[in-house]
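Remarks on the overall topology
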Amino acid sequence: MDDRKTEDISGSGQPLKDLPADLDAVKKPRRNKYAFACAILASMTSILLGYDIGVMSGAALTIKDDLKINDVQVEILVGIINLYSLVGSAAAGRTSDWIGRRYTIVVASAIFFIGALLMGFATNYAFLMFGRFVAGIGVGYALMIAPVYTAELAPAASRGFLTSFPEVFINSGVLLGYVSNYAFSKFSTHLGWRLMLGVSAIPSVFLAFGVLAMPESPRWLVLQGRLGDAKRVLEKTSNSKEEADLRLADIKEAAGIHQDSTGEIVSVPKRSHGEGVWRELLRPTPAVRRVLIAAIGIHFFQQASGIDAVVLYSPRIFEKAGIHKKNDKLLATIAVGFAKTLFILVATFFLDKVGRRPLLLSSVAGMIISLSGLAIGLTIIDHSDRKLIWAIALSVTTILSFVASFSIGMGPIAWVYSSEVLPLKLRAQGAGIGVAVNRTTSGVISMTFLSLTRAITTGGAFFLFAGIATVAFVFFYTFLPETQGKSLEEMDALFNDFKWKSSMRRRSSKEDVYGNGNGNTNGRIQLEAT
């Protein structure tokens, strides 16, 4: 490492030993508290989806008894909200380009509030399905807009940390849903599940009002020609005035605004409400095509590896593993939610230090091992005539290690990565496509899991998920470059230049530590990675 001390990292020929003495402060910038608070508020909309996923795992048991429905109807009820959310995610991109990112979050909260009330007061299966349709639209809006808003607001040095917040709150919501299952299971069958579903209307009200205190996305403001407003937001959310100026210059360049334009309001040469965006998405340039494949692929594999099957049907999986008492099953699901939440918190602190690729690949490797172990344990239990404590312990342990492995990488990075690699003018609609793929895959998995287990056994289903996770590992290793420390406006060049064979080697090379090879050193963030 000593030989690096005299390397040129600034692009100006200045050796490292001549740099200012306060380099340590540059290497590790303090997190901007205002951006931190805004990211928390925006991401809290994701808690609504997490709660719905978690609470349905237990509510489905009592809904089946109360409404006298079969397993196929249970599958549809549990998973259909993911397909309903496609309506919201498809509309959210255009809506956010029209009214802004902030008010789109308010719309998401309002729609989910109505859906939660409808589910809580449902008198039959059809009424309940309508309530889930409305709630699903709100979920689609929230899933698309929260990571986009946070990515556009956050400084590059802490973008991974802040953009992972939606996944943090999804996991927190799952845990709250599991706790709600246990708490309301003490009520009558008729009342318990209605309280479980209806109570989620309460936080959506507070979220809607809380979001009104947040600023608008600076990138959206620039696209509207409101440079003065954008500059003020950037000065509040950046670590220094110089960084705010650099971020504004990058956004202006991406939006096609001349750098000499400094007025409060300027004309924007490119359309700002999504016109022509779908044309560019359907006929992309090679670099944009690669970005789209990466963003869509990471969302597909996030769900195709079976995470929602474990989260939604954990009581049934625990029953297959040999845990039969209702209270014990519900308590075991709380352990699943706790493991997911704990490890997602760990991941948030490593995203901007370790990088996206190492965390993602380590996460998927852990998932493959856990899924294989779970499949083996469940298969042995299924073919045994007696109770095998070691097989039960293996199954329970691998369920917990699977959700932990997922949460430390695959869970948050799918949202972080897809929101930061998309070009500015395509970001809202592109993120909407990512959410659509994510929710469609989740819906297919959750609506077919019980049927799949009947066809190939529960152990066989998890062998299948392990195979899918293996394919995901190969895809991520060969196709996804490291984006840590890169500005949102640098992603086009990054995907053009990426060569998978040297991607891991370049992480430790001088090029990645000191610059990106084209004069944009990003020294502050690159140095932090070492």
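Residues numbered from 1 in each chain as written. Predicted model: local features only at pLDDT ≥ 70, side-chain atom pairs only at ≥ 80, totals over all residues. Heavy atoms only, no water.

Comments concerning a nonpolar patch on the surface
Taken together, the side chains of Tyr103, Ile202, Val205, Phe206, Phe209 and Leu212 define a hydrophobic patch exposed on the protein surface, amounting to about 620 Å² of accessible area. It is helix 10 (residues 201-211) that provides the largest number of residues to the nonpolar patch, a total of four residues. By secondary structure assignment, the location of tyrosine 103 is in helix 5 (residues 101-120). (Patch = residues over 30% accessible without salt bridge, like charges linked within 9 Å, V, L, I, M, F, W, Y side chains within 5 Å. Areas by Shrake-Rupley, 256 points an atom, 1.4 Å probe, with all protein chains shown as cover. Salt bridge = Lys/Arg side-chain N within 4 Å of Asp/Glu carboxyl O. Helix = DSSP H or I, 4+ residues; strand = E, 2+ residues; numbered from the N terminus.)

A short note on the pattern of salt bridges
It is possible for side chains bearing opposite charge to pair when their charged atoms get close. Per the counting criterion, the structure on display carries twelve salt bridges. Here arginine 132 and aspartate 52 are joined by a salt bridge, their closest N and O atoms 3.0 Å apart. Of this pair, arginine 132 sits in helix 6 (residues 125-153) while aspartate 52 is found in helix 3 (residues 46-67), placing the two residues 80 residues apart along the sequence. By relative accessible area, arginine 132 is classed as buried at 0%. (Buried < 20%, exposed > 50% of the residue type's maximum accessible area, 1.4 Å probe, protein only.)

Re helix 20 (residues 356-382)
In an α-helix, one turn spans 3.6 residues, which is why side chains three or four residues apart end up on the same side. Counted at 1.5 Å a residue, the expected span for helix 20 with its 27 residues is 39 Å, and the 38 Å between its end C-alpha atoms agrees. Of all the 27 residues making up helix 20, 19 are buried; the element is thus mostly covered by neighbouring parts of the structure. (Expected span 1.5 Å × (residues − 1).)

Let's talk about helix 2 (residues 33-43)
Within the sequence span of helix 2, burial applies to Ala35, Cys38, Ala39, Ala42 and Ser43. End-on, the buried residues of helix 2 take up no more than an arc of 125°, which puts them together on one face. (Arc of directions from axis to C-beta.)

Observations regarding the packing of helix 20 against helix 21 (residues 389-421)
Remark: helix 20 packs on helix 21, axes separated minimally by 7 Å, with the N-to-C direction vectors making an angle of 150°. Judged by the inter-axis angle, helix 20 sits roughly antiparallel to helix 21. For the pair helix 20 and helix 21, the crossing hand works out as left-handed. Across the contact of helix 20 with helix 21, the residue classes break down as 21 nonpolar, ten polar and two charged. (Axes fitted to C-alpha atoms, helices over the stretch in contact; angles between N-to-C directions. Parallel < 35°, antiparallel > 145°, perpendicular 65-115°, else oblique. Left-handed = near helix turned anticlockwise from the far one by under 90°. Nonpolar A, V, L, I, M, F, W, Y, C, P; charged D, E, K, R; others polar.)

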